[in-house]
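Per-entry structural report
In case you want the letters, here they are:
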Amino acid sequence: MNTLCTNRPPSEGGEAGFTLLEILVGLLVSSLILGGLSLGMASINRGYEQTTGVIDRQGTITTGLDVFDRDISRIERLVDDPAHPSRFLFAGTPREMIFVLAERPGSNEAGLYWVRLSITKKSDGTDALTRSRAPFTRPVPALGSIAWADEVLLIQGKVNMDFAYRAPRANLREWAGTWAATNMLPGQIRIEILDTATGRSRVPMFTATLKIAAEADCADLKAPGCSIASLGALMPGGGSQ
């Protein structure tokens, strides 16, 4: 007996396969989802890199300002000629400072050193604050002839930096770009760090205060070499160290 074969549609309870069109649409949707995730991760990575970059730059500035503050606070109250003093050993302009410090044993070799904090403009337009030093000797040399060494980079970036000086204790309350009062030391020194793109401060204006001990002559407050009565200024015939 011959059996008649016919093509029958799948029953309602049977399983139907995906068409080629449905597969292609699924692949397209998956690709869009993966592409969106990739863009999202790339954006997150860029944000992370930018954030860590800002943190690193701010951390570098903070470290440099810490060195700046420690140096300024320890400036020595030395004069050009202990027997006949006429000026303190300090020079300050908007881009350079020169003074004397007693370096500590941890700074290679203890003793008195000339120290220079200098702001220079690099070829790429960035400002750099560096610290260099040289052994202190007498007689006092011309500052322009000092052979500087041990240069260390403290701060560098797309910023403009400047120094300013004042002495509120001596009624010199206005900030000046150059310290002209050679018969006294400034009481405060400020460094301003401005972003070159925005002109805004990268950090709040940072002011360091000199913690200067009185001269040895001030063991007797009436001694001519003591400058306490003169608000820190050298007096004719006076002076110490």
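See above for the structure.
These remarks concern the structure in this document.

**Brief notes about the pattern of salt bridges**
- Counting across every chain of the model gives 11 salt bridges.
- Linking R70 and D66 is a salt bridge whose minimum nitrogen-to-oxygen distance equals 3.2 Å. Of this pair, R70 and D66 both sit in helix α1 (residues 20-73), four residues apart, which is roughly one turn of that helix.
- On the accessibility criterion, R70 (36% relative accessible area) is partly exposed.
- The shortest N-O distance in the salt bridge between E103 and R74 comes to 3.9 Å. Residue E103 is found in strand β2 (residues 96-103), and its partner R74 is found in the loop between α1 and β1 (91-92); the two are separated by 29 residues along the sequence. Judged on exposure class, the residue E103 and its partner R74 are both buried.

**Notes on a nonpolar patch on the surface**
- A cluster of nonpolar side chains, namely L21, V25, V29, I33, L34 and L37, defines an oily patch on the protein surface of about 590 Å² accessible area.
- You can see L34 is positioned in helix α1.

**What to know about the sheet that holds strand β8 (residues 188-195)**
- Taken together, four strands build an open sheet; the order of strands is β7-β6-β8-β9 and the sheet is antiparallel. Both edges of this open sheet fall to β7 (172-176) and β9 (206-209), since each of them pairs with a single strand only. The sheet shows a mean angle of 20° between the axes of neighbouring strands, taken without regard to direction.
- Bridge analysis of β8 against β9 gives four bridges, and the strand direction is antiparallel. Bridge pairing in β9 places I191 opposite F206.

**Thoughts on the pairing of β2**
- Of all eight residues in β2, six are buried; the element is thus mostly enclosed.
- Looking at chain direction, β1 and β2 are connected through two bridges and run antiparallel. Paired with G92 across the two strands is M97, which belongs to β2.
- Taken together, β1 and the strand that follows it, β2, pair antiparallel across an intervening segment of three residues.
- Strand direction decides the pairing type here: β2 and strand β3 (residues 111-121), joined by eight bridges, are antiparallel. Looking at the pairing, F99 lines up with V115 of β3.

Scoring rules and cut-offs
Residues numbered from 1 in each chain as written. Predicted model: local features only at pLDDT ≥ 70, side-chain atom pairs only at ≥ 80, totals over all residues. Heavy atoms only, no water. Salt bridge = Lys/Arg side-chain N within 4 Å of Asp/Glu carboxyl O. Helix = DSSP H or I, 4+ residues; strand = E, 2+ residues; numbered from the N terminus. Buried < 20%, exposed > 50% of the residue type's maximum accessible area, 1.4 Å probe, protein only. Patch = residues over 30% accessible without salt bridge, like charges linked within 9 Å, V, L, I, M, F, W, Y side chains within 5 Å. Areas by Shrake-Rupley, 256 points an atom, 1.4 Å probe, with all protein chains shown as cover. Pairing = 2+ DSSP bridges. Axes fitted to C-alpha atoms, helices over the stretch in contact; angles between N-to-C directions.

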